[in-house]
Amino acid sequence: MAELIFITCLNYLVLALSIFMLLSESPSPAYAASVQYNVVSFGAKADDTTDSSKAFQSAWASACGSMRAATIYVPRGRFLVRSASFKGPCKNLAITVRIDGTLVAPSNCNVNGDAGNWIVFRHVIGVSVIGGTLDGQGMDLWACKLSGKSCPSGATNLMISNSENILVSGLSSLNSQMFHIVVSGCQNVKMQGVKVSNPGTSPNTDGIHITASTGVTIRNSKIGTGDDCVSIGPGTNNLWIENIACGPGHGISIGSLGQDQEEDGVQNVTVKTVTFTGTQNGLRIKSWATPSNGFARNILFQHAIMNNVQNPIIIDQNYCPDNSGCPTQASGVRVSDVTYQDIYGTSATLVAVKFDCSSKYPCTAIRMQDVKLTYWNQLATASCAHADGTASGLVQPSSCL
Ligand SMILES: *[C@@H]1O[C@H](CO)[C@@H](O)[C@H](O)[C@H]1NC(C)=O
């Protein structure tokens with residue numbers, strides 16, 4: 001009996017030890033040992049009306065100046081924040097912003113509609129934003145824009161610029177005036193479990209915009225908005241997008257590229273396991289019909305489901321809004337090595353596959369494998385201009401490459 005108890009105890013000891021080791025090896029060791037700065041103790045008020053910007057700013061200054069890993073804590077409730085700029089460089093390379101509540105932007109679009117951004121992280125390294133809701137209260141601005149009056153251009157809910165090793169997990173972004181989340185000039189940014197929500201009618205409200213950044217991943221996220229779910233700008237490398245629900249919105253778009261004569265290219269982009277529902281586009285590459293040295297290459301679109309999507313697969317290199325500045329010009333953007341693999345579902349228009357490439361620099365090495373798109377109960381069609389490539393497996397509509 002004693003021996004049995006001894007063995008059981010030993011088992012518990014081993015178990016306890018392994019749990020302890022597991023915990024101490026968890027990826028955010030900073031977390032447990034970090035100093036905490038609660039924005040309420042800096043004067044923030046969860047009353048939806050008092051501007052808490054200063055309190056957020058002071059909490060940031062403390063965290064940024066601390067030598068120890070730090071957590072800024074935002075408890076439950078609605079905090080009105082006129083604007084917040086979390087700037088580095090910081091002494092601290094492990095700051096967690098843990099949000100249980102909601103940050104609310106001023107509803108009057110004249111307050112920060114011209115500022116460009118609402119919540120900003122700039123020049124920081126090792127910041128994690130966990131949970132929380134950002135409510136941009138953009139209704140006022142959308143109404144102004146839709147009425148055709150002259151309006152401020154609008155603020156991005158969350159701007160992350162010139163930063164490194166960033167995690168955004170479980171964040172909700174609502175009612176942004178303009179783009180929801182912009183990642184610009186960054187390295188190693190992970191976004192997961194992000195929820196983006198705007199009405200399908202709200203103008204210029206891209207969900208997540210990536211530009212001039214390397215090593216961004218977006219996983220397990222749900223994006224419904226009035227413009228692109230994800231838009232991918234010049235200078236984006238090594239981007240990974242996986243398990244996304246998109247709609248309403250304009251789909252996932254590489255571009256617009258080639259607006260500038262001198263422009264960084266886009267390369268090594270993987271978009272996999274995406275469901276598009278009622279969107280304007282599915283998988284799109286888009287460039288201006290103007291001279292440029294830009295490019296898009298080494299792109300993989302894999303495992304996508306289209307539900308009633310207007311342009312499920314599209315390359316449009318003749319983008320020229322209002323036909324001003326670019327009629328009769330050809331895009332300089334070189335599009336090559338683009339693979340579409342296991343894409344199926346329904347198109348809301350007859351032409352489900354459209355490759356409208358540059359007459360000066362035709363698309364090369366476009367590959368289609370196992371694509372099946374239908375238009376109601378008919379076969380959909382495919383249309384190609386200046387596009388070269390191959391098709392394999394079942395491809396319907398049959399390839400025009
Ligand atoms: C392409 O990007 C992925 C991340 O999305 C990265 O793991 C891989 O190493 C990159 N490949 C090259 C050749 O840079």
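Here is what the cut-offs are and how they apply
- Residues numbered from 1 in each chain as written.
- Predicted model: local features only at pLDDT ≥ 70, side-chain atom pairs only at ≥ 80, totals over all residues.
- Heavy atoms only, no water.
- UniProt positions renumbered as here; feature names shortened; annotations may be inferred.
- Helix = DSSP H or I, 4+ residues; strand = E, 2+ residues; numbered from the N terminus.
- Buried < 20%, exposed > 50% of the residue type's maximum accessible area, 1.4 Å probe, protein only.
- Near = heavy atom within 4 Å.
- Polar contact = N/O pair within 3.5 Å; in protein donor to acceptor, adjacent residues only side chain to side chain.
- Areas by Shrake-Rupley, 256 points an atom, 1.4 Å probe, with all protein chains shown as cover.
- Nonpolar A, V, L, I, M, F, W, Y, C, P; charged D, E, K, R; others polar.
- Salt bridge = Lys/Arg side-chain N within 4 Å of Asp/Glu carboxyl O.
- Pairing = 2+ DSSP bridges.
- Contact = heavy atoms within 4.5 Å.
- Lys, Arg positive; Asp, Glu negative; His and termini not counted.
- Phe/Tyr/Trp six-rings, centres within 6.5 Å; stacked < 30°, edge-to-face > 60°.

Under an unreviewed UniProt entry, the chain has the name Polygalacturonase and belongs to Eucalyptus globulus. In its Subcellular location (unreviewed entry) section, the UniProt entry covering the chain states "Secreted, Cell wall". Database annotation for the chain, UniProt heading Sequence similarities (unreviewed entry): "Belongs to the glycosyl hydrolase 28 family."

Attention now goes to the environment of Asn-237. Tracing the chain through its elements places Asn-237 in strand β18 (residues 237-246). Judged by relative accessible area, which is 22%, Asn-237 ranks as partly exposed. A sequence separation of 27 residues divides Asn-237 from Ile-210, and the C-alpha atoms of the two residues are 9.8 Å apart.

Around the ligand, the structure places Asn-238, Leu-239, Trp-240 and Asn-268. For the ligand, an oxygen atom lies 2.4 Å from a polar atom in the side chain of Asn-268. Taken by itself the ligand offers 360 Å² of open surface, and the protein chains cover 40% of this. Residue composition of the shell around the ligand, by class: two nonpolar, two polar and no charged.

Turning our attention to the pattern of salt bridges. For the coordinates displayed, the defined rule picks out five salt bridges. In this structure, Arg-78 engages Asp-135 in a salt bridge whose closest nitrogen and oxygen atoms are separated by 3.6 Å. Note that Arg-78 is positioned in strand β4 (residues 78-80) and Asp-135 in strand β8 (residues 125-135), a separation of 57 residues in sequence. For Arg-78, a relative accessible area of 31% corresponds to the partly exposed category.

Both strand β21 (residues 281-288) and strand β23 (residues 311-319) contribute to a ladder of six bridges, which runs parallel. Within β23, the position partnered with Asn-281 by the bridge is Asn-311. Where β23 lies against strand β25 (residues 351-356), four bridges are found, and the strand directions are parallel. Its bridge partner lying in β25, Ile-315 is registered against Phe-355.

What follows deals with the UniProt feature "active site" (unreviewed entry) in the chain. UniProt records the feature "active site" (unreviewed entry) at His-250, using the numbering of this structure. Here His-250 is to be found in the loop between β18 and β19 (252-257). In this structure His-250 touches Gly-226, Asp-227, Asp-228, Cys-229, Gln-280, Asn-281 and Arg-284, once residues within four positions along its chain are discounted.

Turning our attention to the side chain of Lys-286. The topology assignment puts Lys-286 in strand β21. The side chain of Lys-286 sits in the buried core without any salt bridge; Asp-228 is the nearest counter-charge, 5.8 Å away.

A few words now on the packing of aromatic side chains. All told, the structure shown has eight aromatic pairs when counted by the stated rule. Ring geometry for Tyr-340 and Phe-355: centres 5.7 Å apart, planes at 45°, overall tilted. Highlighted residues: Tyr-340 in strand β24 (residues 334-347) and Phe-355 in strand β25, separated in sequence by 15 residues. Residue Phe-355 is classed as buried on the basis of its relative accessible area of 1%.

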